[in-house]
Number of protein chains: 4
Amino acid sequence: MYSFKNDYSEGALPAIMELLNKSNFEQTNGYGEDYFCEEAKKKIKDRLQYKACDVHFLVGGTQTNLTVIASALRPYEAVIAADTGHINVHETGAIEASGHKVLTVKGTDGKVTSEAVRKVVLDHEDEHMVKPAMVYISNATEIGTMYLKEELQELYATCKELGLYLFMDGARLGSALMAQNNNIEWEDLCSLCDVFYIGGTKNGALFGEALVIVNEELKKDFRYMIKQRGGLLAKGRLLGIQFLGLFENENFEKAAKHANNMAGKLQDAFIQKKIPLFISTTTNQIFPILTNIQMDILSKKYAFQIWEKLDNEHTAVRFVTSWATKEEAVEECIQDILRLEA
Amino acid sequence: MYSFKNDYSEGALPAIMELLNKSNFEQTNGYGEDYFCEEAKKKIKDRLQYKACDVHFLVGGTQTNLTVIASALRPYEAVIAADTGHINVHETGAIEASGHKVLTVKGTDGKVTSEAVRKVVLDHEDEHMVKPAMVYISNATEIGTMYLKEELQELYATCKELGLYLFMDGARLGSALMAQNNNIEWEDLCSLCDVFYIGGTKNGALFGEALVIVNEELKKDFRYMIKQRGGLLAKGRLLGIQFLGLFENENFEKAAKHANNMAGKLQDAFIQKKIPLFISTTTNQIFPILTNIQMDILSKKYAFQIWEKLDNEHTAVRFVTSWATKEEAVEECIQDILRLEA
Amino acid sequence: MYSFKNDYSEGALPAIMELLNKSNFEQTNGYGEDYFCEEAKKKIKDRLQYKACDVHFLVGGTQTNLTVIASALRPYEAVIAADTGHINVHETGAIEASGHKVLTVKGTDGKVTSEAVRKVVLDHEDEHMVKPAMVYISNATEIGTMYLKEELQELYATCKELGLYLFMDGARLGSALMAQNNNIEWEDLCSLCDVFYIGGTKNGALFGEALVIVNEELKKDFRYMIKQRGGLLAKGRLLGIQFLGLFENENFEKAAKHANNMAGKLQDAFIQKKIPLFISTTTNQIFPILTNIQMDILSKKYAFQIWEKLDNEHTAVRFVTSWATKEEAVEECIQDILRLEA
Amino acid sequence: MYSFKNDYSEGALPAIMELLNKSNFEQTNGYGEDYFCEEAKKKIKDRLQYKACDVHFLVGGTQTNLTVIASALRPYEAVIAADTGHINVHETGAIEASGHKVLTVKGTDGKVTSEAVRKVVLDHEDEHMVKPAMVYISNATEIGTMYLKEELQELYATCKELGLYLFMDGARLGSALMAQNNNIEWEDLCSLCDVFYIGGTKNGALFGEALVIVNEELKKDFRYMIKQRGGLLAKGRLLGIQFLGLFENENFEKAAKHANNMAGKLQDAFIQKKIPLFISTTTNQIFPILTNIQMDILSKKYAFQIWEKLDNEHTAVRFVTSWATKEEAVEECIQDILRLEA
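Numbers given for residues are sequential positions, taken from 1 along each chain in its written order. Both sets of labels track the order of writing: A upward for chains, 1 upward for ligands. In view of the model being predicted, local features appear only for residues whose pLDDT reaches at least 70, and side-chain atom pairs are presented and counted only at 80 or more, with totals across whole chains, interfaces and linings using the full set of residues. Working from all heavy atoms in the structure, the side-chain values ignore hydrogens and water.

Some thoughts on the sheet that holds strand 9 (residues 277-279) of chain D
Residues and elements named next belong to chain D.
Here is step 1 of the chain: Spatial ordering of the open sheet is given by 9-10-13-12, a layout of 4 strands whose pairing is antiparallel. Two strands bound the open sheet, and with one partner strand each, they are strand 9 and strand 12 (305-309). With strand direction ignored, the average angle separating the axes of adjacent strands in the sheet is 35 degrees.
Here is step 2 of the chain: At least two bridges found by DSSP between two strands is the condition for calling them paired. Secondary structure elements follow DSSP: runs of H or I of four or more residues count as helices, runs of E of two or more count as strands, with numbering from the N terminus. Summarising the sheet, strand 10 (residues 285-291) and strand 13 (residues 314-320) pair through 5 bridges and their orientation is antiparallel. Pairing of Leu290 across the sheet is with Thr315, part of strand 13.
Here is step 3 of the chain: In the packing of helix 11 (residues 251-272) onto the sheet, the strands contacted are strand 9, strand 10 and strand 13, and the crossing angle to strand 10 comes to about 25 degrees.
Here is step 4 of the chain: Against the sheet, helix 12 (residues 292-301) touches strand 10, strand 12 and strand 13, its axis set at about 120 degrees to strand 10. Axis definition: a line fitted to C-alpha atoms, limited for helices to the stretch in contact. Angles are taken between N-to-C directions and run from 0 to 180 degrees. Here, residues are in contact when the closest pair of their heavy atoms is within 4.5 Å.

Following this line, the structure appears as structure tokens:
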């Protein structure tokens, strides 16, 4: 059984394991106040070509989302997200647990549009309703799509006009940036939103997200927030070491490219076989629509996720690839796809 | 410069690193639903000789504390802790951020007594005041002391009588259990409190705390709480693997014993030198009271923490040892202590 | 200008003012522990023919909603409401501020159906998502409709089957119970939900909601919750006095009947004039759809609320009547309606 | 039995009841957006001789405290209060329920000193601890003492120096301002703190506190906060009407003076009888220390509160007077005090 269930099924890039092993007995200060974290932050700022941002390392995505949002909003303020957004559906109410409403808009291919944001803001006009104050997006999105540069520019302009922060969840940012049709460069990122993160967990690290705060207003006392929400790792250097590993030798980019390539190959096989797609993507998640029989056959050898039952006969499923996905496994799977009955 | 600042200055036990390396490319389910976690839980239950408990792995101590307390208490309920308690002083109000008051009692050698608990409960008599519902203790305590079995038995009996849960923060449980004068065995633990954790971070793991829930009332839906508070690690197996490493070959016990031995040697040197102690301990934290001159001399070669300035001439400082503390460094430090002027 | 904007434009029923005046210099205990509150609770239990419930008096609706929900739910649990529900739209995120997600279902005439509830529960299947634990409904609803007895019975049966509490916001319960087509009696109420309240503010009191807790599980320590959320009135007797006034001489019923009659007359006039209704109701809120010209004319003499702009020419508006609505004003308004151009 | 238990045992000043009766059938907008509230705000600003403040009316003290503090602080910030402070002891953890720690200092005669505040701030130095951001005081204090102008000036200067807001709970502000030794004038108040309130509930209103926000930073969107915390009264005019009543004809001042006089007379009797005082006050609360026998005798005719059992023989008790306290009752009580055995 080979798993295409997610991009966190294995450990870490060998380069990262090597650095962890090598540094194991070095003594450092705790809580991220160490040489490795400092170096990793420098490397990230260099890649972004933006010195004036703050970089913080957190362990996971939900933790990062809830800490950023709880830090940015006043108690009566709300965050806007796509109805499919991770914070809306898959974080067990973490945002609400920090006191804030998630206002949802119908996603367009999983993406939030300026128009939808504008409507929400117009609908919230007085003190009997929450006040929208932030827009949360994911890039890549939860359904594998990604934002083009011009889309982000427009959305961010709208946010600024309406007095909203724009926060980009980058749990799969690597996959988005390395996607074929992507036109966003590292050095664009700090001009496209107020705060975002570079996901390590799903792109080759054991764990870790590098949060980049661009907007001055969001920087103040952020370490207090991390500590309060339980996100300040005692051996914080582990995060620094891993991001050092990711940002040397273009390991981060290579990892994402590999994942995208593997997914692309699988998607191509489904297309070749005329198996319809729930949505067409260029990142590391693909969504074929299988018949019950096709699903039965493939699930004997491969693990993948049931996404949505469409009717009695058809189910949208999700295949996810990663830096660790084996090319042989993909090739074998392609053969199995091509052998499926229509 | 050799650091005695804390017990999280280095990485992990070689046995743990080895397991992490070995398993790196295995595919598993995420979020702790994997073979390694299952095995590690089994091993822990075996060591405790108690099958009916629930074991959960979390990344860090503050996260564990806030999740347990938020899960156990109703909104108007409060937790009692020593004034020096970690949740009261060093978690940036994490407990209050989850909505609950921390009621403090004067610690007796850092420990909470039945008498003090009883007084707090008596003082909170009606709905204009919070309702005490849990007692939080640390073993070993924040100042390196530890509870004897009879102390815990009495405290727990009082808690049960008064309708309070007893929660034991075991960030340094290993050091407590391996201390010379300790009389608590692994198999006693589940009868001495309602919920506790076995600290990995400070005893040889890269990170990780194994939470053990004994009381049936506290078990329900606990994974929801972990997820909501951002503590559900995607690659949850990392926690299972590490606790497997800790609980094989008595690695956990050996690590703690080594730490205690190293601290004991240092403390003995201070005693030999007639340097007074802020408090006498048998765990991995010691608290000599140094003169300014002594502090100057030692701080040239060793990093340690200023604990409390006692007067213009004297300061209580803290030396912490760990599984990774080098015997040579301790020997050298002892020589330097013995060379100090009185 | 005569106002049909809402049912809280005036003070209180003369009978209530009289009781307040008469008792003004009596000395009582504070915080609702007084003779008047005791008597009022008795009267309410008598009317409900249910002794085993707990009755608490709170000042307002949002306060009652947030206190009940915060008390009933564990941190990761969520409440289901209609998308138009007061807690979802018009309480500035009060529920989320207490830590809980509001899951919305499309209302059917403003009402929550068993089917919709069932779907939400099915969609929330693991610890990555909140856990639905309560259904919130309003009767009368925010758009003036009301639940029939059989609808509530079915909904409550579904809730029990699925392990959900059913909470009925009765800010306008009087109007619902006195509506022409209503088939719910006072003595039915305690068998139709777990907790509900009898709205005073919108039915003749200066302020005040009488919360009735039927389900034993929801009763514990409720006064702690009220106090903590700022809802325990120092001169609590004011609430008891007012509910005494409401529950003597059928004042509560008469007040609601008058309001319904007045609204009915206005609605009849609109119907007679063939002005369409946004929704047809039998309670004290009506929703004609006016043309711009009609709106202009009526708004010169009457205040009412714009509900929803339907197109460039038409707007749904809301007229609300109350115990205090003057029959002469209604008659005059009817004349003005009948004089409108189509 | 005559009650000296508290200052909220009766209804409201006749002048207030009259205004409520008179206005009962007038129609106004809801939620405090009415003529009465506007007028009352004007009157209050006039009395304060300060136009640039915002005035909001809330129903009760706990509600006001929790709303102000939740609005002012970021999640990791804490409020400093005297250990005897109302928010620390008698609000069922309302502040913690909004997410914030209450840091306590030992009160000096119930008052917070600059020195104590300074120490707390110095002790909280990094992100592992909460960050003090506000000082909460009560004037008059919970034990009947009051701040002199120079004390407030010094405390406020310290707060500004340390970057802390100063918030004055004025539930008994009337009594403080009218006390014999008081040297604070109405027109001083806005220069002595950032935000404060003028208590109506305990000085002649049925309920109501007039919050005055002086500091620009604390004004933004405050009505959102009130609504979210359940404090926005539907018939908000009731608050405006009552404060109109309080601020016409010096009713507020007269009410407080009467209360203080009555308390002073009782205290004088205890002093004359050589009965010791727990603390000597000039406001409407007094604290004689009674023997068991004295307590037995007085409690047959008078209700008062047990404050603190001092030893087996002696108990500090509290007598509270109000605008409604009858002079005859006080005279009779004085005779009874003078007849007590020593």
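Once the structure has been displayed, the description carries forward.
Some points on the relation of the copies chain A and chain B
Here is step 1 of the chain: Superposing chain A onto chain B requires a rotation of 180 degrees together with a translation of 0.0 Å along the rotation axis, leaving an RMSD of 0.0 Å. Expressed as an axis order, the relation between the two copies is that of a two-fold axis.
Here is step 2 of the chain: Taken together, the interface assignments show that 100% of the residues at the interface of chain A recur at the interface of chain B, consistent with an identical surface on both copies. C-alpha atoms of residues with pLDDT of at least 70 in both copies form the basis for the least-squares superposition of the copies.

A few points about the UniProt feature "domain: Aromatic amino acid beta-eliminating lyase/threonine aldolase" (unreviewed entry) in chain A
Here is step 1 of the chain: UniProt positions are given in the numbering used here, feature names are shortened, and annotations may be inferred rather than shown by experiment. On the UniProt side, "domain: Aromatic amino acid beta-eliminating lyase/threonine aldolase" (unreviewed entry) is annotated at positions that read residues 29-287 of chain A here.
Here is step 2 of the chain: The distance from the first to the last C-alpha atom of residues 29-287 of chain A is 45 Å, and the span holds 40% helix and 17% strand.

Comments concerning the relation of the copies chain C and chain B
Here is step 1 of the chain: If you rotate chain C by 180 degrees and push it 0.0 Å along the axis, it lands on chain B with an RMSD of 0.0 Å.
Here is step 2 of the chain: When the interface residues of chain C are mapped onto chain B, 100% of them again lie at the interface, so the same face is used by both copies.

Description of the side chain of Asp7(C)
Here is step 1 of the chain: Here Asp7(C) shows up in the loop between strand 1 (2-3) and helix 1 (14-23).
Here is step 2 of the chain: Pairs of N or O atoms are called polar contacts if they sit within 3.5 Å, as long as, within protein, a hydrogen donor faces a hydrogen acceptor (for residues adjacent in sequence, only side-chain-to-side-chain pairs). Polar contacts involving the side chain of Asp7(C) include one to the side chain of Arg172(C), which spans 2.7 Å.
Here is step 3 of the chain: Side-chain polar atoms of Asp7(C) contact the side chain of Asn284(C), separated by 2.9 Å.
Here is step 4 of the chain: Ignoring anything within four residues of it in the chain, the contact list for Asp7(C) reads Arg172(C), Thr201(C), Lys202(C), Asn284(C), Val320(C), Thr321(C), Ser322(C) and Lys235(D).

Looking at the interface of chain A and chain B
Here is step 1 of the chain: The interface of chain A with chain B comprises 48 residues on the first partner and 49 residues on the second.
Here is step 2 of the chain: Joining two parts hides part of their accessible area as seen by a 1.4 Å probe, and the buried area is that hidden amount summed over both. Surface buried jointly by chain A and chain B totals about 4,000 Å² across both partners, of which 54% is contributed by carbon and sulfur atoms.
Here is step 3 of the chain: Any carboxyl oxygen of Asp or Glu that lies within 4 Å of a side-chain nitrogen of Lys or Arg is treated as forming a salt bridge with it. At the surface where chain A touches chain B, the tally comes to 0 salt bridges.
Here is step 4 of the chain: Linking chain A with chain B are 29 residue pairs in polar contact (both at pLDDT 80 or more).
Here is step 5 of the chain: At the level of elements, strand 1 (2-3), helix 1 (14-22), helix 3 (61-72), helix 5 (94-97), helix 9 (222-228) and helix 10 (237-247) of chain A are the ones that each hand at least two residues to the side of chain A that touches chain B.
Here is step 6 of the chain: Here the element with the most residues in the side of chain A that touches chain B is helix 1 of chain A; it accounts for 4 residues.
Here is step 7 of the chain: Among the residues making up the side of chain A that touches chain B, the classes are represented as 21 nonpolar, 18 polar and 9 charged. Under the convention adopted here, Pro, Cys and the residues Ala, Val, Leu, Ile, Met, Phe, Trp and Tyr are nonpolar, Asp, Glu, Lys and Arg are charged, and Gly plus all remaining residues are polar.

Focus: the environment of His86(C)
Residues and elements named next belong to chain C.
Here is step 1 of the chain: Position of His86 relative to the elements: it lies in helix 4 (residues 86-89).
Here is step 2 of the chain: Between the C-alpha atom of His86 and that of Thr62, which follows or precedes it by 24 residues, the distance is 8.5 Å.
Here is step 3 of the chain: Apart from residues no more than four positions distant in its own chain, His86 is found in contact with Thr62, Glu91, Tyr136 and Glu142.

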